[in-house]
Structure formats: C-alpha cells, structure tokens
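Chain residues, written in single-letter form:
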Amino acid sequence: MSDELEKAKRKVRNIKGLYNHLIIFVVMNLIFLAVVLYIDFSVNYFINFFVLPWGMGIFIQWMIVFKWNPFVSKKWEKRKIKEYLDKED
C-alpha cells in the first residue's frame, strides 16, 4: 500500500476514535448526571471531578487528531525556520 493511503487510513481511524470517545463521554455523563440527581449528590462535585477532566482529555485528543495548536501556527514555524537559517549564514 502507498504511504498516502496509510496516512489517510490512520487519520480516519483517529477521527473515528475521537468520535467514539465523544459519544461515550456524552452517554456516560448523562447516566452519571441522572444518578447524581437521583441520589441528591452535589452536581458541582460531579462537574468538577468527572466532566471537566474528561472533557479536557477529549479536547486534547481533538487537538492532536486535527493538529491544532493555538500557540505555534504554520506562520510561526516558517518564521522560526527562516530565523534559524539566517543565523547559520
């Protein structure tokens, strides 16, 4: 198989994994929320210790899958490469 085909398959697998993780997140948190409300437990505790950390994990997975980094853009990369090349001359 070609390298491009393998990359495309890996990308689709990663996106599928992210979507599966997101579906599990929504379903499980709806179940957790129902249980929390049923037993009259603190919703704040539920959000702070279940939803937020898991949600941050999904956000990080999304950043990795879609190669999004707000701190270093393509423009920044090009500028740094040019800077280093200019220093070597």
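Thresholds, definitions, all that
- Residues numbered from 1 in each chain as written.
- Predicted model: local features only at pLDDT ≥ 70, side-chain atom pairs only at ≥ 80, totals over all residues.
- Heavy atoms only, no water.
- UniProt positions renumbered as here; feature names shortened; annotations may be inferred.
- Helix = DSSP H or I, 4+ residues; strand = E, 2+ residues; numbered from the N terminus.
- Core = buried A, V, L, I, M, F, W, Y, C linked by side-chain atoms within 4.5 Å.
- Buried < 20%, exposed > 50% of the residue type's maximum accessible area, 1.4 Å probe, protein only.
- Contact = heavy atoms within 4.5 Å.
- Axes fitted to C-alpha atoms, helices over the stretch in contact; angles between N-to-C directions.
- Parallel < 35°, antiparallel > 145°, perpendicular 65-115°, else oblique.
- Nonpolar A, V, L, I, M, F, W, Y, C, P; charged D, E, K, R; others polar.

Trainee: I tried to follow the UniProt feature "transmembrane region" (unreviewed entry) in the protein on my own but got confused; where do I start?
Mentor: The residues that UniProt annotates with the feature "transmembrane region" (unreviewed entry) are residues 21-39 and 45-66. Across residues 21-39 one finds 95% helix and 0% strand; the C-alpha atoms that close the span lie 27 Å apart. Helix makes up 95% of residues 45-66 and strand 0%. Its end C-alpha atoms lie 31 Å apart.

Trainee: Looking at this structure, how should I read the nonpolar core?
Mentor: Nonpolar side chains in soluble globular proteins tend to end up buried together. Core analysis: the largest hydrophobic core is formed by five residues, namely Ile15, Leu18, Phe25, Ile58 and Val65. When contributions to this core are tallied by element, the ones reaching two or more residues are helix H1 (3-38) and helix H2 (43-65). A total of three residues in this core trace back to one element, the largest contributor, which is H1. Once residues within four sequence positions are removed from consideration, Val65 is found in contact with Lys11, Asn14, Ile15 and Leu18.

Trainee: I would appreciate a short explanation of the packing of H1 against H2 in the present structure.
Mentor: Packed helices, taken two at a time, are described by their axes: the angle between them and the distance between them. At their nearest, the axes of H1 and H2 sit 10 Å apart, and the two run at 175 degrees to each other. The angle between H1 and H2 falls in the class roughly antiparallel. Looking at the contact of H1 with H2 residue by residue, the class counts come to 18 nonpolar, six polar and one charged.

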